[in-house]
There are 2 protein chains.
Amino acid sequence: MKSEIPPNTVARLSLYRRLLEAWLEKGTTHLYSHEIASMACVTPAQVRRDLMAIGYSGSPSRGYSVDALEDSIGRFLGSDTVRKIALVGMGNLGRALATYFVSRAPRFRMTAAFDNDPRKTGRVIAGCMVHPVEAIPGIIPAEGIRTAVLALPPESAQEMADTLVKAGVKGILNFAPVPLRLPGDVFLENRDVTASLEKVAFFSGQPREGN
Amino acid sequence: MKSEIPPNTVARLSLYRRLLEAWLEKGTTHLYSHEIASMACVTPAQVRRDLMAIGYSGSPSRGYSVDALEDSIGRFLGSDTVRKIALVGMGNLGRALATYFVSRAPRFRMTAAFDNDPRKTGRVIAGCMVHPVEAIPGIIPAEGIRTAVLALPPESAQEMADTLVKAGVKGILNFAPVPLRLPGDVFLENRDVTASLEKVAFFSGQPREGN
DNA sequence: GCCTGTGAAGCTATTCACAGCT
DNA sequence: AGCTGTGAATAGCTTCACAGGC
């Protein structure tokens with residue numbers, strides 16, 4: 001095989017799609033790459049490359065068909081099928097994420113949530129049924145869940161990640177502030193909020209050249 | 001000027017530092033690059049490059065002094081001085097972030113929080129005094145705040161970002177799921193959670209080669 | 001003229017590989 | 001022998017710039 005999709009392209013496609021939906025509702029039928037680029041705050045060349053990656057072609061005279069492109073991105077990302085997600089950790093961050101996903105990312109289904117606190121398990125919190133972590137090996141394969149979000153304290157993150165991978169998870173979005181050691185066939189995205197803030201704080205101090 | 005620090009290096013330094021602190025408490029005095037690398041789940045060469053960037057040198061025989069390195073990173077990141085942060089948006093995510101920072105990132109001070117909901121303003125929530133957004137132009141310059149975290153719905157994110165920049169903010173950590181158009185001298189880090197989840201879900205489906 | 005699609009160039013980030021030190 | 005520091009190589013991502021089409 002030759003062609004790989006750059007991860008950043010996937011993230012941008014997600015954004016393009018949301019922008020296109022807004023235009024669809026307004027009845028706009030066609031957009032040029034520079035118009036999409038402007039809304040997404042990227043360069044027009046970037047937009048064309050990204051669309052090239054999913055094999056979608058526009059017309060030089062009219063640009064891209066909003067309707068067909070939205071559909072094309074949707075099928076590429078797989079959002080026409082239900083994508084089941086597991087959430088592990090129902091602390092402050094976990095609850096906020098659950099609420100966020102339910103209201104803002106309806107294309108994902110938060111199929112199951114897990115926590116080790118018995119005061120939380122067995123209840124529905126933020127729209128998600130919370131199970132004890134011991135139920136992971138049973139529920140994940142039974143539901144065919146392949147994607148998990150970790151919102152855990154650093155102490156238990158690695159252990160839960162191992163449990164998830166053993167149960168068949170192939171992609172983890174990790175909010176715990178520790179690195180995870182995972183097999184190479186599991187996709188990992190780290191969102192260490194402390195490190196992000198450190199980065200921003202650092203460059204807020206440094207003077208930067210404008211563009 | 002010639003040398004620029006790679007943003008990713010800054011994020012990793014934040015991680016190294018936290019790892020070193022744990023070893024300091026255990027009384028370990030020296031570590032080799034491959035030991036730090038193993039804990040951080042990166043390559044030894046990456047660690048040496050990162051430390052080279054801050055001008056810290058180890059010894060081929062003993063490795064890096066945990067104590068001196070921790071200190072060196074701290075001074076480089078500026079964490080010996082108080083770094084004031086403003087948080088804008090006290091919804092579910094904002095509250096979770098505030099709680100998280102107060103307990104897990106004590107080197108940052110959440111100096112002020114802002115929200116436009118009158119039921120929230122004037123109170124202390126998650127350890128932060130919440131002000132109305134109209135107070136931004138007064139408080140930000142008075143406190144000398146240069147860094148802000150945005151946890152807002154997409155509709156108001158751009159407007160609040162503009163207000164913050166006008167008030168002197170030079171770095172924004174954006175959790176709103178929209179791109180922000182900002183002057184080139186303002187550092188921007190986007191943490192669009194929907195896009196992150198989309199990326200992970202996409203690659204959870206695709207088979208990937210191991211390492 | 002102004003657009004798309006895309007080879008080539010340019011940047012940035014990471015890893016290799018080895019000289020030099022102890 | 002096994003480490004660090006680093007030039008050189010590689011990989012990955014973004015932008016340039018232009019051929020080709022309406």
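Located above this text is the structure these notes cover.
Keep in mind it's a predicted model, so treat the numbers as computed, not measured.

Colleague: Teacher, can you tell me more about helix H6 (residues 136–143) of chain B here?
Modeller: Along an α-helix, a turn takes 3.6 residues, which lines up residues three or four apart on a common side. Residues and elements named next belong to chain B. Three or more residues of H6 are buried, namely Ile136, Ile139 and Ile140. Within H6, the buried residues cover an arc of 95° as seen down the axis, which keeps them to one side. The secondary structure elements touched by the buried residues of H6 are strand S3 (83–88), strand S4 (108–115), strand S6 (128–132) and helix H7 (154–166). Positive phi appears at Gly144, one or two residues downstream of H6, with a value of about 70°.

Colleague: I'm lost on the packing of aromatic side chains in this one. Help?
Modeller: When we look at a pair of aromatic rings, we describe it by the centre distance and by the angle of the planes. Counted according to the given criterion, the structure contains ten aromatic pairs over all chains. Ring-pair connections join several aromatic residues into one group, and the members of that group are A:Phe76, A:Phe187, B:Phe202 and B:Phe203. Between B:Lys26 and the ring centre of B:Trp23, over which it is positioned, the NZ or CZ distance is 5.0 Å.

Colleague: Which parts of the structure should I look at to understand the nonpolar core?
Modeller: Side chains of a nonpolar character, in soluble globular proteins, are inclined to be buried together. If you look at the biggest cluster of nonpolar residues, it comprises 95 residues, and the most contacted ones within it are A:Ile36, A:Phe101, A:Val149, B:Phe101 and B:Val149. Filtering out sequence-adjacent residues up to four positions away, B:Phe101 remains in contact with A:Val193, A:Leu197, B:Pro106, B:Met110 and B:Val149.

Colleague: Looking at this structure, I do not really get the relation of the copies chain B and chain A. What am I missing?
Modeller: Each of the two chain copies can be generated from the other by rotation about an axis followed by a shift along it. Least-squares fitting of chain B to chain A yields an RMSD of 0.0 Å, with the superposition described by an axial translation of 0.0 Å and a rotation of 180°. Here the transformation between the copies is reduced to the relation of a two-fold axis. The fraction of interface residues of chain B whose copies in chain A are also interface residues reaches 100%, indicating that both copies meet through the same surface.

Colleague: Even after reading the chapter, I still don't get the pairing of strand S6 (residues 128–132) of chain A, so can you show me in this structure?
Modeller: Side-chain direction in a regular strand flips from residue to residue, so the side chains alternate between the two faces of the sheet. Residue and element names in this part refer to chain A. Where strand S4 (residues 108–115) lies against S6, three bridges are found, and the strand directions are parallel. Bridge assignment links Phe114 to a residue of S6, and that residue is His131. Note that strand S5 (residues 124–125) and S6 share two bridges and pair antiparallel. Across the sheet, residue Val124 finds its bridge partner in S6, namely Met129. Counting the residues in the hairpin turn of S5 and S6 gives two residues, including Ala126, whose phi is positive at 50°.

Colleague: How should I be thinking about the protein's contact with DNA strand D in this particular structure?
Modeller: Looking at DNA strand D, there are 21 residues lining it, with B:Ser33, B:Arg49, B:Ser57, B:Gly58 and B:Tyr64 nearest. A breakdown of the atoms of DNA strand D within 4 Å of the protein gives sugar and phosphate a share of 65%. Between DNA strand D and A:Arg48, the relevant distance is 3.3 Å, taken from a base nitrogen to a side-chain nitrogen or oxygen of the residue. Within the side chain of A:Arg49, one N or O atom sits 2.9 Å away from a base oxygen of DNA strand D. Considered class by class, the residues forming the surface near DNA strand D number six nonpolar, ten polar and five charged.

Colleague: What is the right way to read helix H5 (residues 92–104) of chain B from this model?
Modeller: The end-to-end C-alpha distance of H5(B) is 18 Å, a good match for the 18 Å that 13 residues give at a rise of 1.5 Å each. Listed as buried for H5(B) are B:Leu93, B:Gly94, B:Ala96, B:Leu97, B:Ala98, B:Tyr100 and B:Phe101. For H5(B), the secondary structure elements touched by its buried residues are helix H5 (92–104) and helix H8 (193–205) of chain A together with S3, S4, S6 and strand S7 (147–150) of chain B.

Colleague: Can you help me understand the pairing of S4(A) in this one?
Modeller: All names here are of chain A. Summarising burial for S4: seven of the eight residues are buried, a large majority. Strand direction decides the pairing type here: strand S3 (residues 83–88) and S4, joined by six bridges, are parallel. Residue Lys84 lies in a different strand from S4, and its bridge partner there is Arg109. Tracing the backbone out of S3, into H5 and back to the parallel element S4 gives a crossover that is right-handed.

Colleague: What should I look at first to understand the protein's contact with DNA strand C in this one?
Modeller: Around DNA strand C, 22 residues are found, and the nearest of them are A:Ser33, A:Arg49, A:Ser57, A:Gly58 and A:Tyr64. Among the atoms of DNA strand C lying within 4 Å of the protein, the sugar-phosphate backbone contributes 64%. Note that a phosphate oxygen of DNA strand C is positioned 3.4 Å from one of the side-chain N or O atoms of A:His34. Contacts to DNA strand C include A:Tyr64, whose side-chain N or O atom sits 2.7 Å from a phosphate oxygen. Of all the secondary structure elements, the ones that give two or more residues to the surface near DNA strand C are helix H2 (33–40) and helix H3 (44–53) of chain A together with helix H1 (7–26) and helix H3 (44–53) of chain B.

Colleague: What exactly am I supposed to notice about the sheet that holds strand S9 (residues 187–190) of chain B here?
Modeller: Within a sheet, neighbouring strands are paired by backbone hydrogen bonds and run either parallel or antiparallel to one another. All names here are of chain B. Across the sheet, seven strands lie side by side as S5-S6-S4-S3-S7-S8-S9; this open sheet has mixed pairing. With partners counted over all chains shown, the strands left at the sheet margins are strand S5 (124–125) and S9, one partner each. Judged from the four bridges that link them, S3 and S7 form a sheet pairing that is parallel. Residue pairing in the sheet places Leu87 in a bridge with Val149 of S7.

Colleague: What is the right way to read unusual backbone geometry from this model?
Modeller: Glycine aside, the phi torsion of most residues is negative, and most peptide linkages are trans. One non-glycine residue with positive phi stands out, namely A:Cys41, at about 60°. When you line up the elements, A:Cys41 lands in the loop between H2 and H3. In the Ramachandran plot, B:Ala126 falls in the positive-phi region, its phi being about 50° despite a non-glycine side chain. Position of B:Ala126 among the secondary structure elements: in the loop between S5 and S6.

Colleague: What's the story with the packing of helix H2 (residues 33–40) of chain B against H3(B) in this structure? I'm lost.
Modeller: Between two packed helices, both the angle of their axes relative to each other and the distance between the axes serve to describe the pair. Residues and elements named next belong to chain B. With their axes 8 Å apart at the nearest point, H2 and H3 run at an angle of 105° to one another. Between H2 and H3, the crossing angle belongs to the class labelled roughly perpendicular. Contact residues: Ser33, His34, Ile36 and Ala37 in H2; Pro44, Val47 and Arg48 in H3. Residues belonging to the contact of H2 with H3 are distributed by class as follows: four nonpolar, two polar and one charged.

Reading the values: rules and limits
Residues numbered from 1 in each chain as written. Chains lettered and ligands numbered in written order. Predicted model: local features only at pLDDT ≥ 70, side-chain atom pairs only at ≥ 80, totals over all residues. Heavy atoms only, no water. Buried < 20%, exposed > 50% of the residue type's maximum accessible area, 1.4 Å probe, protein only. Helix = DSSP H or I, 4+ residues; strand = E, 2+ residues; numbered from the N terminus. Arc of directions from axis to C-beta. Contact = heavy atoms within 4.5 Å. Phe/Tyr/Trp six-rings, centres within 6.5 Å; stacked < 30°, edge-to-face > 60°. Lys NZ or Arg CZ within 6 Å of the ring centre and 35° of its normal. Core = buried A, V, L, I, M, F, W, Y, C linked by side-chain atoms within 4.5 Å. Least-squares fit on C-alpha atoms with pLDDT ≥ 70 in both. Pairing = 2+ DSSP bridges. Near = heavy atom within 4 Å. Polar contact = N/O pair within 3.5 Å; in protein donor to acceptor, adjacent residues only side chain to side chain. Nonpolar A, V, L, I, M, F, W, Y, C, P; charged D, E, K, R; others polar. Expected span 1.5 Å × (residues − 1). Right-handed = clockwise from strand over helix to strand, strands pointing away. Axes fitted to C-alpha atoms, helices over the stretch in contact; angles between N-to-C directions. Parallel < 35°, antiparallel > 145°, perpendicular 65-115°, else oblique.

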